[in-house]
Each structure stands twice: as C-alpha cells, then as structure tokens.
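Observations on the three-dimensional arrangement
Listed here are the chains, written in short residue letters.
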Amino acid sequence: MHFINAKGVDAESDPTDTLSMKVNRIVNAVFKEYGIKRNLNNQNYFDRLMIHLQYLVERVQNKTLDDHVLNNNIEQDFHRLYPKSYEISGKICGQLESNLKITLNENERGYFIIHIQRLIQESENVLP
C-alpha cells in the first residue's frame, strides 16, 4: 500500500519513522488481519482512504481534530447497518489512539466506517 507522505517526525522514536508511516503501518496491520487488500475493483476507494489518512495526519500534527459530535442516530445506524466496518474502524481507531497517544472522536470513526464499507462492498461484489 502506498501512502502519501506527510511532514512530521516523532522525536521519541526513530527520526525516519514519520507519523504517516506509523498510521500506515497500523491501518495495514488491521486490514491484513481482516483480509482487506487493494485490488483493481476497489482501488479508487482504497486511494480515497489513503487521502483521508493524509488529512488525518495533518489534523493530528496541527492539533485541529474536528470536535463536532455526530448525531447519535448516525452512529447507531452505522453500528447496525455496517457491523463489520464498525468493528474494523473501532480496531483501527483504538490502535491509532493507543500507539500514537492521540484521541480521535466519533467523526473520525465515521469516516473510517464509510471508507471501509466501500472497500468491503467492492470486495464482496467480486466474482470468484
């Protein structure tokens, strides 16, 4: 998976290990666990997720994470309608928060759910 480079270095670790690389590693590891891969059928959705991750890194570095809360009904609908995407996004967000010492709100999780659901739908529509 190619991730668009973003600026920034975590001074506590290897100076060549950027925040972008850490985010990319976490997302890749979770995707591998769930068998989600970039392919010809989902490449556009996968690339959109990579762009979202680039902006997430910028928001984390600039400390400008969105603090508006999604409507509770939307979160409940996501959980009910897309349980697998909800689970995967929760795992990604949890690992990002614990490994990077950041706090993500439900909006970020919502973005992940939407992106992951597109990837999963595309994968489910592929003929064997």
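Whatever comes next refers back to the structure up there.
So, here is what we can say about the structure in this document. For clarity, every value in this text was computed on a predicted model and none was experimentally measured.

Observations regarding the overall build of the protein
Scanning the protein from N- to C-terminus turns up 5 helices and 0 strands. Burial status across the protein gives 37% buried among its 128 residues. A fraction of 73% describes how many contacts in the protein between residues 6 or more apart in sequence connect residues 24 or more apart. For the protein, the accessible surface area stands at approximately 8,000 Å², while carbon and sulfur atoms represent 50% of it.

Thoughts on the packing of helix α1 (residues 19-34) against helix α4 (residues 83-100)
Between α1 and α4, whose axes approach to 10 Å, the crossing angle comes to 145°. Considering the relative orientation of α1 and α4, their crossing is right-handed. Packed against α1, whose contacting residues are Leu19, Lys22, Val23, Ile26, Val27, Val30, Phe31, Glu33 and Tyr34, the element α4 presents Lys84, Glu87, Ile88, Lys91, Ile92, Gln95, Leu96, Asn99 and Leu100 at the interface.

A look at the nonpolar core
If you look at the biggest cluster of nonpolar residues, it comprises 25 residues, and the most contacted ones within it are Phe31, Ile92, Leu96 and Phe112. Among the elements of the structure, α1, α2 (43-62), α4 and α5 (106-124) are those that each provide at least two residues to this core. Ignoring any residue separated from it by four or fewer positions in sequence, one finds Phe112 in contact with Leu49, His52, Leu53, Leu56, Ser89, Ile92, Cys93 and Leu96.

A word on the packing of α1 against α2
For the pair α1 and α2, interaxial distance at closest approach is 10 Å and the crossing angle is 135°. It follows that α1 is oblique to α2 by the angle criterion. As α1 runs across α2, the sense of the crossing is right-handed. Here Leu19, Ser20, Val23, Val27 and Phe31 of α1 come into contact with α2, specifically with Phe46, Leu49, Leu53, Val57, Val60 and Gln61.

A short note on the pattern of salt bridges
Enumeration over the complete set of coordinates arrives at 5 salt bridges. Note that Glu108 and Arg59 form a salt bridge whose closest N and O atoms lie 2.8 Å from each other. Taken together, the residues Glu108 in helix α5 and Arg59 in helix α2 connect sequence positions 49 residues apart. Linking Arg80 and Asp77 is a salt bridge whose minimum nitrogen-to-oxygen distance equals 3.1 Å. Taken as a pair, Arg80 and Asp77 lie in helix α3 (residues 72-81) at a separation of 3 residues, close to a single helical turn. Exposure remark for Arg80: the relative accessible area of 56% places this residue in the exposed category.

Rules used in this analysis
- Residues numbered from 1 in each chain as written.
- Predicted model: local features only at pLDDT ≥ 70, side-chain atom pairs only at ≥ 80, totals over all residues.
- Heavy atoms only, no water.
- Helix = DSSP H or I, 4+ residues; strand = E, 2+ residues; numbered from the N terminus.
- Buried < 20%, exposed > 50% of the residue type's maximum accessible area, 1.4 Å probe, protein only.
- Contact = heavy atoms within 4.5 Å.
- Areas by Shrake-Rupley, 256 points an atom, 1.4 Å probe, with all protein chains shown as cover.
- Axes fitted to C-alpha atoms, helices over the stretch in contact; angles between N-to-C directions.
- Left-handed = near helix turned anticlockwise from the far one by under 90°.
- Core = buried A, V, L, I, M, F, W, Y, C linked by side-chain atoms within 4.5 Å.
- Parallel < 35°, antiparallel > 145°, perpendicular 65-115°, else oblique.
- Salt bridge = Lys/Arg side-chain N within 4 Å of Asp/Glu carboxyl O.

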